[in-house]
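# Breakdown of the fold
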Amino acid sequence: MGTSLNLGLLFETGFTVFCYISVALLGLLVGSFLNVCIYRIPNDESVVRPRSHCMKCGHTLGALDLVPVFSYLFLKGRCRYCGEKISPRYALVELLTSVVYLLLFWKYGLSVDFLASAYLMSVLIAVFFIDLDHMIIPNKLVVAALVGGVLPFVYNIFRPMDIYVDRKWWNPLLGAFIGFGFLLLVAIVGYLVYKTDEAMGGGDVKLFAPIGLFLGWKMTIVALFISFVSAGIVSIVLLLLKKKERRSTFVFGPFIVMGTFFTYLFGWELLEWYLSTLLHV
Ligand SMILES: [Zn+2]
């Protein structure tokens, strides 16, 4: 009796460890693909062809050069063929994707919620770096996120998703409407006040439609709240440190990405805390 119980426990622990390792490796692999997206999508290049090559010498990279993170460490951050330094950001994006996947798996376990959140966050990691580099959010990524948003939307009709809590079929649609609508309003007000369309970029507005689908309406409001508050705090700090001109353009995409990720991890807890502590509901 005792032995079989221990075996059961051993098997369960082994399976959990196996799952976490698989998720970490999947994150590294997807992160490696996201690197390709981050560098090629802004230049309108294909993310499939040609095969990855060194930016300096153009040598096509072999399988041994493309093992996420490990190749970078093994080659000490240099191209095997010409010795050119490779940006540590490639390895960073891979590690970051892996950590994001692990945290989502820790939160949602083996579930459709995990698959959906990992998909959205993958697209958003590409958005994060492209917006930082080029101050644009490519339509291709918005479309990729929208297409993926069909999964949680359809699944929710049949079985409840953790993130929506209720099973109302229109919940994700209302999320998309609120996210998109609110940012559109901010963009219009920004345009009227500052007479520039740079207060809120079109990419930011569009991006919140798929985020709304994935998060449902309540968590969309939480994500909007976190994105605006964190962007506001960072803006004020930058202004105080005089790192930024008052009217200079502000990259909002990365705050949307971080706000969405935080909402996936702690959105409901934050909402419940807010309702019980501040509103005494
Ligand atoms: Zn090279």
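Rules behind the numbers
- Residues numbered from 1 in each chain as written.
- Predicted model: local features only at pLDDT ≥ 70, side-chain atom pairs only at ≥ 80, totals over all residues.
- Heavy atoms only, no water.
- Domains from an automatic or database assignment.
- Contact = heavy atoms within 4.5 Å.
- Buried area = accessible area lost by both parts, 1.4 Å probe.
- Salt bridge = Lys/Arg side-chain N within 4 Å of Asp/Glu carboxyl O.
- Donors = N, O, S within 2.8 Å, 3.2 Å for Na, K, Ca; no water.
- Tetrahedral: all angles 85-135°; square planar, octahedral: opposite > 155°, others 65-115°.
- Helix = DSSP H or I, 4+ residues; strand = E, 2+ residues; numbered from the N terminus.
- Buried < 20%, exposed > 50% of the residue type's maximum accessible area, 1.4 Å probe, protein only.

## Points about the domain arrangement of the chain
Along its sequence, the chain is organised into domain 1 (1-108) and domain 2 (111-281). Just the C-alpha atoms count here: the centres of domain 1 and domain 2 sit 26 Å apart. The interface is formed by 20 residues belonging to domain 1 together with 23 residues belonging to domain 2. Both faces combined, the contact of domain 1 with domain 2 buries some 2,100 Å², and carbon together with sulfur accounts for 75% of it. The three residues of domain 1 that bury the most area against domain 2 are I41, L104 and Y108, which together make up 32% of that side's buried surface. Remark: the boundary between domain 1 and domain 2 carries 3 salt bridges.

## Focus on the coordination of the zinc ion
Binding of the zinc ion to the protein goes through C54 (SG), C57 (SG), C79 (SG) and C82 (SG), at separations of 2.3 Å. Each of the 4 donor atoms around the zinc ion contributes to a set of angles spanning 105 to 117 degrees, which defines the coordination as tetrahedral. Here the donor residues for the zinc ion map to a single chain with the spacing C-x2-C-x21-C-x2-C. Remark: C79 occurs in the loop between helix 2 (70-74) and helix 3 (89-108) and C54 occurs in the loop between helix 1 (2-40) and helix 2; sequence separation between them is 25 residues. For the pair shown, C54 and C79 are each scored as buried.

## What about the environment of P210?
Residue position: P210 is located in helix 8 (residues 202-240). Placed 130 residues apart in sequence, P210 and R80 show a C-alpha to C-alpha distance of 40 Å. In this structure, P210 is in contact with V142, A145 and L146, ignoring residues within four places of it in sequence.

## Some remarks on the pattern of salt bridges
Evaluated as defined, the whole model comprises 5 salt bridges. Between D65 and R80 there is a salt bridge whose closest N-O contact spans 2.7 Å. A residue pair is termed long-range when its members are at least 10 positions apart, and D65 in the loop between helix 1 and helix 2 and R80 in the loop between helix 2 and helix 3 qualify at 15 residues. For R89, the salt bridge goes to D133, with nearest N and O atoms at 2.9 Å. Of this pair, R89 sits in helix 3 while D133 is found in helix 4 (residues 112-134), placing the two residues 44 residues apart along the sequence. D133 sits in the partly exposed class, given a relative accessible area of 39%.

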